[in-house]
Amino acid sequence: MAFSATAQRAALAQGFATSIPSADQPSKASFAAFSGFRPVALKKAALDLHSAKPARVSMQAVATKASAFESITQAPPDPILGVSEAFKADTSSDKLNLGVGAYRTEDIKPYVLDVVKKAEKLMLENGENKEYLPIEGLADFNKATVALLLGSDNKAVKDGRVATIQSLSGTGSLRLGAAFLARFYPGRTVFLSNPTWGNHKNIFADAGVEWKEYRYFNPATIGLDFEGMMADIEAAPNGSVIVLHGCAHNPTGIDPTPEQWSKIADLIEKKNHLPFFDVAYQGFASGSLDEDAASVRLFVERGFELLVAQSYSKNLGLYAERIGALNAVLPTADLATKVKSQLKRLARALYSNPPVHGARIVAYVVGNNDIFDEWKQEMAGMAGRIQAVRATLVEELKKRDTKGRDWSFITSQIGMFSFTGLKPAQVENMTKKWHVYMTKDGRISLAGLNKARAGYLADAMIDSFDNF
Ligand code: PLA
């Protein structure tokens, strides 16, 4: 329904304007239920709105016309972002949002990094414009992002064997990679860790790429099921795509050791699989950008052809800027040029070109030595706060635990999350009774906790483990 501003103002004067432009009130019945509805007023408004479409006529049309979308059913809430919606609706002052992986300060407030503010100030001073970026993104960003990932003097980059394209954060970069696989590596199966970040399944399924799972987590040891993982990667048809979390595995917080990474690389090479790394937490696992990129760098040094999706949501706190990149490492510069041209073609059809603001922030932070060093300190500070909260939570759990359980998994898991082992009924108790919001798989984001609330969370966990 298109209404002019004048028409909306006229309707407002009649006291029911909110019903008119809202898509939430399409039916006559719901419109009639709206308080203040009077047929006389509607008639008058319809006349006042003469230059626009009379409101009553279009309401009836909506109510009686069969929709092209009539068979659509309600989609379920997103398993992660839906938790934030439920949290917002809860009015309890005890509530805690440990669902989405978003960093909070020790006061449980969102955090804008100082280096981001500095970069934005410089951007304003320099009078940066808002022109369209090229399809592949901001050149300075692309240079900076691949250097952060692979190291500033990486041989593959120097040889021009890496096709880098700025994309819409980690999710958009993965989705672009999935579209690329669907078109240029058709009929292959993508293998995801079990468990994995829930959206991986959506991303590949939506691109029309079949996915299966490889074993990853062993509930008995609350550790990596390395044998299971290796057996499943071995059993996958040669030339499959293996999705690997570069660091800080989500949701388990358990990464392979360097020795295990090396064995995984041997097997993937033997099987001629294509690794697709998801690097969403570089700097957040250990607090060091270089250490957290070690897995990807190992594969690149060994000469693998591979894909890597990068995200700056967490390490620079740029959640809403949607800044990330897809990198394709190829055997030759010529192939890298061709692959990049095809990635651009896919991106052009999907979203044309990426947003500039976040890309400039990254380019400014990485391109300015002082700000870059400051960023490393800030990042180590964030990672350190999460580690401190883990330790406090373990202490608080031990104080309350009468059964002598081993809680050390909480401090040995890395990144933002702890995979608690809470079962769905226990999670339900966490939320219904304690107002602690978390994902159904038992994952909690420790980035959303502080020391002051650790005792409360421990109470909720002990109650849920003991009584459900
Ligand atoms: N890959 C992994 C493994 C992730 O955990 C996330 C984010 C992303 C990619 C994508 O993030 P981006 O698009 O913002 O770059 N996972 C969050 C948020 C933090 C989410 O689900 O979207 C999570 O709570 O799991």
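So, here's what we can say about the structure. (Residues numbered from 1 in each chain as written. Predicted model: local features only at pLDDT ≥ 70, side-chain atom pairs only at ≥ 80, totals over all residues. Heavy atoms only, no water.)

### A short note on the site of the ligand
Where we set the bar: Consider each residue's heavy atoms; a residue with any of them within 4 Å of a molecule or strand counts as near. Polar contacts here mean pairs of N or O atoms no more than 3.5 Å apart (in protein, one a potential hydrogen donor and the other a potential acceptor; neighbouring residues in sequence count only if both atoms are side-chain atoms). Areas reported here follow the Shrake-Rupley algorithm with a probe of radius 1.4 Å; residue values treat only the protein chains shown as occluding. Only protein atoms enter the 1 Å grid, on which a cavity is a set of points fitting a 1.4 Å probe that cannot get out and a pocket is an open set with protein on both sides within 12 Å along at least 5 of 7 lines, lining residues being those with an atom within 4 Å of a point. Each molecule is checked against the cavity or pocket grid, and it sits inside if more than half of its atoms lie within 2 Å of the grid points. Note: domain ranges come from an automatic or database domain assignment.
In the neighbourhood of the ligand, 17 residues make up the surrounding shell, with S169, T171, N250, D278 and S311 lying closest. Within the contact set of the ligand, an oxygen atom lies 2.6 Å away from a side-chain nitrogen or oxygen of S169. T171 places a polar side-chain atom, nitrogen or oxygen, 2.6 Å from an oxygen atom of the ligand. Considering the ligand on its own, with 530 Å² of exposed area, one finds that the protein chains cover 92% of that surface. Counting atoms within 2 Å of the grid points, the majority share of the ligand lands in the largest pocket. Each of two domains, domain 2 (81-111 + 378-467) and domain 3 (134-367), supplies a minimum of three residues to the shell around the ligand.

### Considerations on the packing of helix α17 (residues 369-400) against helix α20 (residues 451-467)
Selection rule: Whenever a helix is involved, its axis is fitted only over the stretch in contact; in every case the axis is a line through C-alpha atoms, and angles between N-to-C directions fall within 0 to 180 degrees. Secondary structure elements are taken from DSSP: a helix is a run of H or I of four residues or more, a strand is a run of E of two residues or more, and numbering for both begins at the N terminus. When an angle is under 35 degrees it counts as roughly parallel; over 145 it counts as roughly antiparallel; between 65 and 115 it counts as roughly perpendicular; any other value is oblique. With the far helix as reference, a near helix turned anticlockwise by less than a right angle produces a left-handed crossing, and one turned clockwise produces a right-handed crossing. Contacts are residue-level and defined by heavy atoms, with any inter-residue pair within 4.5 Å sufficient. Polar here means any residue other than Ala, Val, Leu, Ile, Met, Phe, Trp, Tyr, Cys and Pro, which are nonpolar, and Asp, Glu, Lys and Arg, which are charged; Gly is therefore polar.
Two numbers describe how α17 lies on α20: the axes approach to 8 Å, and their chain directions differ by 45°. The orientation of α17 with respect to α20, classified from their angle, is oblique. In this structure, α17 meets α20 at a crossing whose hand is right-handed. On α20, the residues touching A388, V389, T392, L393, E396, L397 and R400 of α17 are K451, A454, G455, L457, A458, D459, M461 and I462. Within the contact of α17 with α20, the residues separate by chemical class into nine nonpolar, two polar and four charged.

### Details of empty space enclosed by the protein
Applicable threshold: Grid points are joined across faces, edges and corners, and a volume is the space filled by probe spheres set on the points.
Scanning the model with the defined rule gives one cavity of 30 Å³ or more in all. If you go around the largest cavity, the residues you meet are Y214, Y216, M229, L244, H245, H249, P256 and W261. Of the residues that constitute the lining of the largest cavity, the class distribution is six nonpolar, two polar and no charged.

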